[in-house]
Amino acid sequence: MKLSFTLNGRAVQVAAAPDQRAVDLLRELDALDVKEGCGTGECGACSVLVDGVHKLSCLLLAAQLQGRELTTAAGLGGGDPHGPHVPHPIQRAFAEQGAVQCGFCTPGMTIAAAALLAENPAPTRLEVRRGISGNLCRCTGYVKIVDAVRAAALELADVSVDVSADVPAEALSAASDAALAYPAGETAGDASSVVPGAALAAPAGDAPGGAFSVTPVSARVRAKGRTTGSTTGSATGGGKAKAGGAA
Amino acid sequence: MNVVFPRSLPELFAALAEPGARILAGGTDLLVRLRAQPEAAAPATLVSLERIAALHNVAEEAGGQSHSLDGVFGPARLPGTLHRVVRLGAACTHAELLAHPLVRARLPVLAQALAVLGSPPVRNMGTLGGNLCTASPAGDCLPPLLALGAEVELASASGARRLALADFLLGPGRTALAPGEALIAVHVPVPGVDVRQHFEKVGRREALAVAVVSLAALVRLGHGGIIAEARLAWGSVGPTVWRCPEAEAALIGRRLSLTALSEAAALVRARVRPIDDVRASADYRREVAGNLLLRLAEL
Ligand SMILES: Cc1cc2nc3c(=O)[nH]c(=O)nc-3n(C[C@H](O)[C@H](O)[C@H](O)COP(=O)(O)OP(=O)(O)OC[C@H]3O[C@@H](n4cnc5c(N)ncnc54)[C@H](O)[C@@H]3O)c2cc1C
Ligand code: FES
Ligand code: FES
């Protein structure tokens, strides 16, 4: 069948079998950033955004792409498609935070991160872990990936941070992460698994807020200076970042 | 396989009437299964639900008006239930339902199950209808919807019908769907505000975990915190979702105390008949099936 869709902003017209897997079609179209790990929905290496929604291209068929807007990791950033690629802040943060080792999971991870930040611009560490929970990494141990996603969140929120402070991520999360020290805190900070029901059993009318609500970073962190891009450094004291609503 | 995209229910029924047609919803069960099978066994045509707007709605309705089958619906409803029903379109994804204010406010037991189903991309793709029609004993939507007394709305070219969910789920991978029939919606009676709702799943890990044991519980508390009614439904401890009327009965007239719950848990362990499999032993499942009840003391 003849298919037309948008791939990373570029209109694509291609003939494909309707039941060809999207992951195979995309790789044939040179979107080699789309990886196949498991082929069964478990690993997230084949992640793409379909009309902005994080989906798995190993469980999508070519026919389902008709008329859709697809974004792969290569399409997250900016720049001329034929010229030099400008990495997305998430991608830059992955590089700067050391969140990439072999790199096989990275395109999928950055897609998951982009989808997460679009929905929740100021995730806690636990929320990041949940957001990327459909993506496996065999190399990094995830800590630096979580660091990177949070660093990117700060940058995307256009937070200005005092260079000497270098603590925006910590400040942002201090309260919410206090309970998250791995591993015991993994559930301690998670209301819905400690007292299942408590988080969601909000009275009628309280639906869209409650345990799931987030205050945008921009409303929570304000400080002077310029963005450092690096947030892994330990608190060097004199931090001027304020995390008003982080509790 | 050809893939077709009907845009309305009449188009859907026409497509399903063709030989070798098979519904494709999110594909998270079907495409995994088809890939594991020889190609010869594949359906001739996959009929996608993704462009049928009528299957993607969530709405609250007055309970009385839309029901012709009072006999089926009546007994399933908890006394004290408001006469309201939430209708969930079968092709809603788990993520759509989880984000929906009606689901979160009225049906927290379902929202809690959806929150731990698969992973974000699986929730963005997988649908309620696919979860029910797969009829896995580990399907996370099944225990909450059974405890809630949900009904399914089925339809084909030759008409529509309603069934209690309990009568729809016949066994592992088996449902009451007739050839050419589709699951259109799930109707869920809204529990009253005096009903506590709770879901918990125990898996091998936090995300992407097939349930080793799960429990959905609805407990209606009367005056002084005395239990007036309990509805308990366990996943992954038998060929279909398992209920334990003895434990439910034992809780009535008691408080949600550890003592009362421990006694009910002993009844559960004595009666449940789980199996050993790659994920857990029968003994472990039996123990945990009882233990999950104790969590209700925290409600
Ligand atoms: C990595 C991974 C993790 C998973 N984790 C979980 C989990 O934690 N918990 C869980 O419960 N499930 C899990 N699943 C299973 C699956 O995602 C869910 O069961 C999902 O709800 C299936 O829905 P679907 O729309 O993808 O169904 P599909 O795969 O599209 O369809 C499944 C079956 O139902 C039929 N069908 C679908 N919709 C209808 C309808 N409206 N009318 C009639 N027939 C219909 C199809 O023909 C097919 O036979 C997981 C799957 C994967 C791949
Ligand atoms: S290849 Fe698609 S999830 Fe692993
Ligand atoms: S960096 Fe190697 S799999 Fe993640």
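Residues numbered from 1 in each chain as written. Chains lettered and ligands numbered in written order. Predicted model: local features only at pLDDT ≥ 70, side-chain atom pairs only at ≥ 80, totals over all residues. Heavy atoms only, no water.

**Q** Is there a simple way to explain the confidence of the model for chain B in this structure?
**A** Low pLDDT marks stretches whose predicted atomic positions should not be read closely. All names here are of chain B. Mean pLDDT over chain B stands at 92; residues scoring 70 or higher make up 94%. Under a pLDDT of 50 for its full length, residues 65-76 has, in the predicted model, 18 contacts with residues more than four places off or in other chains. Confidence estimates for the predicted assembly give a pTM of 0.84 and an ipTM of 0.91. (pLDDT = per-residue confidence, 0-100. Contact = heavy atoms within 4.5 Å.)

**Q** Mind showing me how you'd approach the site of ligand 1 here?
**A** Lining the immediate surroundings of ligand 1 are 34 residues, of which Gly26(B), Thr28(B), Asp29(B), Leu30(B) and Thr127(B) lie closest. The local environment of ligand 1 is shared, drawing residues from chains A and B. Within the side chain of His94(B), one N or O atom sits 2.7 Å away from an oxygen atom of ligand 1. In this structure, Gly118(B) approaches ligand 1 through a main-chain N or O atom, which is 2.9 Å from an oxygen atom. If ligand 1 stood free it would expose 980 Å²; the protein chains cover 93% of that surface. Of all the secondary structure elements, the ones that give two or more residues to the shell around ligand 1 are strand S2 (21-24), helix H8 (128-134) and strand S10 (182-189) of chain B. Looking at the shell around ligand 1 residue by residue, the class counts come to 15 nonpolar, 14 polar and 5 charged. (Near = heavy atom within 4 Å. Polar contact = N/O pair within 3.5 Å; in protein donor to acceptor, adjacent residues only side chain to side chain. Areas by Shrake-Rupley, 256 points an atom, 1.4 Å probe, with all protein chains shown as cover. Helix = DSSP H or I, 4+ residues; strand = E, 2+ residues; numbered from the N terminus. Nonpolar A, V, L, I, M, F, W, Y, C, P; charged D, E, K, R; others polar.)

**Q** Would you mind showing me how to read the sheet that holds strand S5 (residues 69-71) of chain A here?
**A** Think of a sheet as strands paired side by side through backbone hydrogen bonds, with each pair either parallel or antiparallel. Residue and element names in this part refer to chain A. A sheet is described by the order of its strands in space; here 5 strands give the open sequence S2-S1-S5-S3-S4, paired in mixed fashion. Taken across any chain shown, the strands that pair with only one partner, and hence form the sheet edges, are strand S2 (10-15) and strand S4 (53-56). Each adjacent strand pair in this sheet contributes to an overall mean axis angle of 40 degrees, direction not counted. Against the sheet, helix H3 (residues 106-119) makes contact with strand S3 (47-50), S4 and S5, and its axis sits at roughly 35 degrees relative to S3, the strand it touches most. (Pairing = 2+ DSSP bridges. Axes fitted to C-alpha atoms, helices over the stretch in contact; angles between N-to-C directions.)

**Q** Can you walk me through the nonpolar core in this structure?
**A** Proteins that are soluble and globular tend to have nonpolar side chains buried together. If you look at the biggest cluster of nonpolar residues, it comprises 76 residues, and the most contacted ones within it are Phe5(A), Leu88(B), Leu132(B), Leu145(B), Val152(B), Phe168(B) and Val186(B). Ranked by the residues each element gives to this core, the list is headed by helix H6 (residues 108-115) of chain B, at 5 residues. Apart from residues lying up to four places away in sequence, Val186(B) is in contact with Val86(B), Arg87(B), Leu88(B), Leu128(B), Leu132(B), Leu145(B), Ala150(B), Glu151(B) and Val152(B). With 29 residues, the next largest nonpolar core counts Val202(B), Ala247(B), Ala280(B) and Leu292(B) among its residues. (Core = buried A, V, L, I, M, F, W, Y, C linked by side-chain atoms within 4.5 Å. Buried < 20%, exposed > 50% of the residue type's maximum accessible area, 1.4 Å probe, protein only.)

**Q** How should I be thinking about the pattern of salt bridges in this particular structure?
**A** Between side chains of opposite charge, a pair can form as their charged atoms come close. Per the counting criterion, the structure on display carries 22 salt bridges over all chains. With its nearest N and O atoms 2.9 Å apart, the salt bridge here joins Arg254(B) to Glu263(B). Of the residues examined, Glu263(B) reaches a relative accessible area of 40% and is grouped as partly exposed. Taken together, the shared-partner salt bridges connect Arg21(A), Asp24(A), Glu36(A) and Arg35(B) into one network. (Salt bridge = Lys/Arg side-chain N within 4 Å of Asp/Glu carboxyl O.)

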